[in-house]
Amino acid sequence: MKTLASSCLAGILLAGCATTQSVQSWQRTGDPIADGKAAVEHGPKRDRVLWEYRTAACAMRRGQFADAKQLLDDALVTLGGIYGPDKDAKRARGYFSPEARKTFIGEPYERVMAYYYRGILYWIDGEPDNARACFRSAQIMDSDTENKSYSSDYVLLDYLDGLATAKLGGDGADALKRAAGESRMAKPPECDPGANVLFFVEFGNGPAKYATGEYAEQLRFLPGNSLVRSVRIRVDDATLRADPCDDLSWQATTRGGRVMDHILANKAVFKSATDTAGNAAIISGAILAGQQGRHSAADEVGVGLLAAGVISKIFSAATTPAADTRAWDNLPQYLSFAALRSSPGPHNVTVEFLDASGASLANLTRTVAIHVADPPRDTVIFVSDKNG
């Protein structure tokens, strides 16, 4: 009995040691892109994709598209390979290792955004075919929800699929019809294959993750927020409006169940059961050991129950059912799109971010000069309320 107890105790202690978090090994500068790259290079490997996501979003908003491409390409390579054997993910499914030890790839809405941003970058580079492939891949990322009512229901992804198809000389009608049918907010503009100035618009602060349940085993989402409710774009004498087409808070909260949700629920049951069993064994063992004479059979049984109870309590303490709340925390709340036809050459663009009453938020207004490319290349402009 003593040998068995010692062996079990040693095994649990070793499992507990594996969860120790590493100390940050890089110095922060205050620059989100420099710090993000340092985190990618020197931080825990399991967080690499998370930092690539965050840093790519910052690079997009600064117009540092080469950096964003490199970061997203690396993240998507990991994302593409993670569905095979992954030791960290397998370990996280065990009772004694937390979910946060697995390689981060994000929830469906986070993976969707990685492909969405990469699609925009392809279109900026004059590759609408590759952009379309990314938008389709993004829809696949959203298709693994448990509730199929909300599967692959991003309006813009289908709309952009249809628009790119039409620009490439194909028939994008089916994708455009899906986009119209999925719309719960503003509908995207009429599809115009001849539109050569494209505005990809985002604004607001995306959803946040938190954990609930007795053992923090249930992953939940706080909705995002946004003072901005719409965007008005002026190109010379033309005026466009970009209202929200997709809401990332909606996408996060309608994702359906994850495989990990069921694993964590089982971990929580195991933790509770072993804790309760441990209490019962310790109490029973103490009563038996205290009521009988020394070296009696009851005394031996009582001591055995005490030891078993202690071991059961140790197992309970070492079980880690907590949900992984690591998050791509600089995503927007809303996605939108606008497009128009314009002559090649220089043009002035003014972007106004509007509040719920339709008033312009003056501190966010931007005026920039653009140069519209010659056909057939599109001029793509990424608009964010966080543009640097």
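In what follows, the structure referred to is the one given above.
Given the structure is predicted, the values throughout are model-derived calculations rather than measurements. (Residues numbered from 1 in each chain as written. Predicted model: local features only at pLDDT ≥ 70, side-chain atom pairs only at ≥ 80, totals over all residues. Heavy atoms only, no water.)

Chemist: Talk me through the pattern of salt bridges; I want residue IDs and the actual numbers.
Modeler: A full pass over the atoms with the stated rule returns 20 salt bridges. A salt bridge links lysine 37 to aspartate 67; its shortest N-O distance comes to 3.1 Å. Residue lysine 37 is found in helix 2 (residues 32-42), and its partner aspartate 67 is found in helix 4 (residues 65-81); the two are separated by 30 residues along the sequence. Aspartate 192 is the salt-bridge partner of arginine 341, the closest N and O atoms lying 2.8 Å from each other. Placement of arginine 341 in the loop between strand 7 (334-340) and strand 8 (345-354) and of aspartate 192 in the loop between helix 9 (173-182) and strand 1 (197-203) is noted, with a sequence separation of 149 residues between them. Residue arginine 341 is classed as exposed on the basis of its relative accessible area of 57%. (Salt bridge = Lys/Arg side-chain N within 4 Å of Asp/Glu carboxyl O. Helix = DSSP H or I, 4+ residues; strand = E, 2+ residues; numbered from the N terminus. Buried < 20%, exposed > 50% of the residue type's maximum accessible area, 1.4 Å probe, protein only.)

Chemist: Break down the sheet that holds strand 6 (residues 246-247) for me, with residues and values.
Modeler: Taken together, the four strands give an open sheet; going across it, the order is 6-7-1-10, and neighbouring strands pair in mixed fashion. In the strand order of this sheet, the two ends are held by strand 6 and strand 10 (379-384), each with one partner. Two strands pair when backbone bridges link them, and strand 6 and strand 7 are joined in this way by two bridges, in the antiparallel orientation. Bridge pairing in strand 7 places aspartate 246 opposite leucine 335. (Pairing = 2+ DSSP bridges.)

Chemist: Give me the lowdown on the packing of aromatic side chains, citing residues and values where you can.
Modeler: All chains considered together, the criterion is met by 13 aromatic pairs. Ring pairs connect the aromatic residues Tyr53, Phe104, Tyr116, Tyr117, Trp123, Phe135, Tyr159, Phe200, Trp328, Phe337 and Phe382, which therefore count as one cluster. Across from the ring centre of tryptophan 51, 4.9 Å away, lies the NZ or CZ of arginine 54, which sits over that ring. Here the basic side chain of arginine 118 rests over the ring of tyrosine 122, its NZ or CZ set 3.8 Å away from the ring centre. (Phe/Tyr/Trp six-rings, centres within 6.5 Å; stacked < 30°, edge-to-face > 60°. Lys NZ or Arg CZ within 6 Å of the ring centre and 35° of its normal.)

Chemist: Residues and numbers for the packing of helix 3 (residues 48-62) against helix 4, please.
Modeler: In a packed pair of helices, the relevant descriptors are the angle between the two axes and the axis-to-axis distance. Interhelical geometry of helix 3 versus helix 4 gives an angle of 155 degrees and a closest axis separation of 8 Å. Classified by the angle between their axes, helix 3 and helix 4 sit roughly antiparallel to one another. The handedness of the crossing between helix 3 and helix 4 is left-handed. Judged by residue contacts, Arg48, Val49, Glu52, Tyr53, Thr55, Ala56, Ala59 and Met60 of helix 3 engage Phe65, Asp67, Ala68, Leu71, Leu72, Asp74, Ala75, Thr78 and Leu79 from helix 4. (Axes fitted to C-alpha atoms, helices over the stretch in contact; angles between N-to-C directions. Parallel < 35°, antiparallel > 145°, perpendicular 65-115°, else oblique. Left-handed = near helix turned anticlockwise from the far one by under 90°. Contact = heavy atoms within 4.5 Å.)

Chemist: Describe helix 3, with residues and values.
Modeler: The first and last C-alpha atoms of helix 3 sit 21 Å apart over 15 residues, in line with the 21 Å expected at 1.5 Å per residue. Of all 15 residues making up helix 3, 13 are buried, and the element is well covered by its neighbours. Downstream of helix 3 by a residue or two, glycine 63 has a phi angle that is positive, lying close to 80 degrees. (Expected span 1.5 Å × (residues − 1).)

Chemist: Let's hear about the nonpolar core: which residues, and what values?
Modeler: If you look at the biggest cluster of nonpolar residues, it comprises 61 residues, and the most contacted ones within it are Tyr116, Tyr117, Ile120, Trp123, Leu160 and Phe200. Ranked by residue count, the leading element in this core is helix 6 (residues 108-124), at eleven residues. Not counting chain neighbours up to four residues away, the residues in contact with tyrosine 117 comprise Ala57, Met60, Arg61, Leu72, Glu202, Trp328, Leu331, Pro332 and Phe382. Counting 22 residues, the second largest nonpolar core, distinct from the first, contains Ala242, Leu340, Val349 and Leu361. (Core = buried A, V, L, I, M, F, W, Y, C linked by side-chain atoms within 4.5 Å.)

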